[in-house]
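A structural walkthrough
In case you want the letters, here they are:
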Amino acid sequence: MKKVIVTGGAGFIGSHTVVALYEAGFEPVIVDNFSNSQESVIGRLEEITQRKLVLHRVDCTDEGAFREVFEAEQKLFGVIHFAAFKSVNESVAEPGKYHHNNVGSQKVLLRLMKEFNVPHFVFSSSCTVYGQPNRLPVTEKSPVQPALSPYGETKQICETLIREERDAGSPLKTAILRYFNPIGAHSSALIGELPLGVPQNLVPFITQSLAEWRGPLTVFGNDYNTSDGTCIRDYIHVVDLAEAHIKALKWLGDQSKTAFAEVFNLGTGTGATILDVIRAFKKGTGLDVQYTIGDRRPGDVEQIYADVEKARTVLSWETQKSLPECARDAWNWQLQLGDKPEE
Ligand code: WQD
């Protein structure tokens, strides 16, 4: 089987991609230091895949420890790099932590992939690099705008490091995947999104509010220039997103030319307002999300959603799941979490 290192493989998108890799006949090798994920995810992944998974408990910024993984795992087909901190708010408060981890791990990984001649690289990027697009839907050719947060800046720097390696003649074949808003959970409800503390992201807050772990949702502003005044995003089911990584790996493996970095937008291609999401929860779960209207959240873009033509035509990939299905799966995941953990 083709062996693939999955850094951050115990995380939200990483864990769902480990399942998709196994089901597609790849051999996932998880590298995670559990700095932003739960160790219990590994056991749940083994329950879903019904096999013992390979895990290296390593900090990706630790070059010595990470080199030992490459030495142990000979003949690697590729690497998918999820391991990064991803909270916009936290990055504003702790920029150094984000640059050390997100950019530091990227530098280490690029050095090791070159040293061990690992040819295929899938990098986890974000629509955050677009800022507030001037035109919608946003394509891969839309301008990258000055980052609105240190988190977004680290994603832009990581993309630049890949292009600089390409320009320096490194034989790396790279797919840069710009995610829109990943939500939902695996149909087994054994893995899903579990942010530590009060969720910053919309859907985990909604499910925790429905579970009465939190009070009503605060909708951050309804005076935007949109159909109902609330912000628009492109919410993509995490299982659809995981599948895109498989399609990207297979596509990379089929490319004869080397030294390239190809960008792909991964979204549904359809924008949804906050009230659309609330309606989707009613449709997908039968539940009414209680909410109040609050002030705008600083740093929020008004609206962004993807043009997904390139991933559809080049990777033969497009999303399969609807917003109500995302809501249903997110709620089923929340339900099995049981009581609210101590905070
Ligand atoms: C979505 C919408 C909020 C919470 C960020 C990162 C992005 C990615 C996903 C990592 C916005 C509104 C939210 C709430 C609300 N992370 N909202 N009440 O900000 O689009 O994207 O997280 O890759 O890179 O930038 O996602 O879920 O935080 O917000 O009204 O309690 O929901 O204002 O319009 P966002 P989000």
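The structure displayed is predicted, hence computed values, not measured ones. Within any chain, residue numbers begin from 1 and follow the written order of that chain's sequence. This being a predicted model, a pLDDT of at least 70 is required before a residue's local features are given, and a value of 80 or more before pairs of side-chain atoms are given or counted; all residues contribute to the totals for chains, interfaces and linings. With hydrogens and water stripped out, all remaining heavy atoms of the structure feed into the side-chain values.

Concerning the environment of Asp-59
In this structure, Asp-59 sits in the loop between β3 (54-56) and α3 (63-72). Among the residues examined, Asp-59 registers a relative accessible area of 28% and is labelled partly exposed. The spatial distance from the C-alpha of Asp-59 to the C-alpha of Val-31 is 7.9 Å, given a sequence separation of 28 residues. Residue contacts are defined here by distance: any two heavy atoms, one from each residue, within 4.5 Å place the two residues in contact. If we ignore the near neighbours within four places in the chain, the residues touching Asp-59 are Asn-33 and Asn-101. At a separation of 2.7 Å, a polar atom in the side chain of Asp-59 contacts the side chain of Thr-61. Put simply, DSSP H or I for four residues or longer makes a helix, DSSP E for two residues or longer makes a strand, and each gets a number counted from the N terminus. Each residue is assigned to one of three classes by its accessible area relative to the maximum for its type, calculated with a 1.4 Å probe on protein chains only: buried under 20%, partly exposed between the two thresholds, exposed over 50%. Polar contact criterion, stated in full: a pair of N or O atoms within 3.5 Å, where within protein one must be able to donate a hydrogen and the other to accept it, and residues adjacent in sequence count only if both atoms are side-chain atoms.

Comments concerning the domain arrangement of the protein
Many descriptions give the size of an interface as the accessible area lost when the pieces come together. Each domain's extent was defined by an automatic or database domain assignment. Per the domain assignment, the segments of the protein are domain 1 (2-184 + 236-266) and domain 2 (202-233 + 269-335). Averaged C-alpha coordinates put domain 1 and domain 2 at centres separated by 24 Å. Counting residues at the interface gives 30 residues for domain 1 and 26 residues for domain 2. Once two parts are brought into contact, the accessible area they lose, counted with a 1.4 Å probe and summed over both, makes up the buried area. Contact with domain 2 buries surface across domain 1, with Ile-183, His-237 and Asp-240 losing the most and accounting together for 22% of the total. The working definition used for a salt bridge is a side-chain nitrogen of Lys or Arg within 4 Å of a carboxyl oxygen of Asp or Glu. At the junction of domain 1 with domain 2, the criterion picks out one salt bridge. Between Glu-262 and Lys-310 there is a salt bridge; the shortest N-O distance is 2.7 Å. Here domain 1 is connected to domain 2 by 11 residue pairs in polar contact (both at pLDDT 80 or more). Taken together, the elements giving at least two residues each to the side of domain 1 that touches domain 2 come down to β7 (181-183), β10 (235-237), α8 (238-254) and β11 (260-266). By residue number, the principal contributor to the side of domain 1 that touches domain 2 is α8, which donates seven residues.

Focus on the site of the ligand
Throughout, near means a residue has at least one heavy atom within 4 Å of the molecule or strand. Taken together, 19 residues surround the ligand, and among them Thr-128, Tyr-151, Leu-202, Arg-233 and Asp-300 come closest. Within the contact set of the ligand, an oxygen atom lies 3.0 Å away from a side-chain nitrogen or oxygen of Asn-181. Here an oxygen atom of the ligand sits 2.9 Å away from a polar atom, N or O, in the side chain of Arg-297. To measure how exposed things are, a 1.4 Å probe is used in the Shrake-Rupley method; for residues, cover is taken only from the protein chains shown. With the chains in place, 90% of the 690 Å² that the ligand exposes on its own is no longer accessible.

Points about the pattern of salt bridges
According to the stated counting rule, one finds 21 salt bridges in the structure shown. For Glu-73, the salt bridge is made with Lys-3, and the minimal N-O distance between the two is 3.1 Å. Here the residue Glu-73 occupies a position in the loop between α3 and β4 (76-81), and Lys-3 occupies one in strand β1 (residues 2-7), the gap between them amounting to 70 residues. Taken individually, Glu-73 and Lys-3 each receive the classification buried, so the pair is uniform in this respect. In this structure, a network of salt bridges that share partners links the residues Glu-63, Arg-67, Arg-111 and Glu-115.

Quick look at the sheet that holds strand β5 (residues 120-126)
Here a strand pair is declared whenever DSSP counts at least two bridges between the two strands. An order of β3-β2-β1-β4-β5-β6-β11 is seen for the seven strands of this open sheet, with the pairing classed as parallel. Each edge of the sheet is formed by a strand with only one pairing partner; in this case those strands are β3 and β11. Across the sheet, the mean angle from the axis of one strand to that of its neighbour is 20 degrees, orientation sign disregarded. In terms of strand pairing, strand β2 (residues 26-31) meets β3 through three bridges, oriented parallel. Within the sheet, the bridge partner assigned to Val-31 lies in β3 and is His-56. The strands touched by α3 within the sheet are β1, β2, β3 and β4, with β1 carrying the most contacts at an inclination of about 165 degrees. Fitted lines through C-alpha atoms give the axes, limited to the stretch in contact for helices. The angle between two N-to-C directions lies from 0 to 180 degrees. Across the sheet, helix α6 (residues 150-167) lies against β5, β6 (173-179) and β11, angled at about 155 degrees from β5, the strand it touches most.

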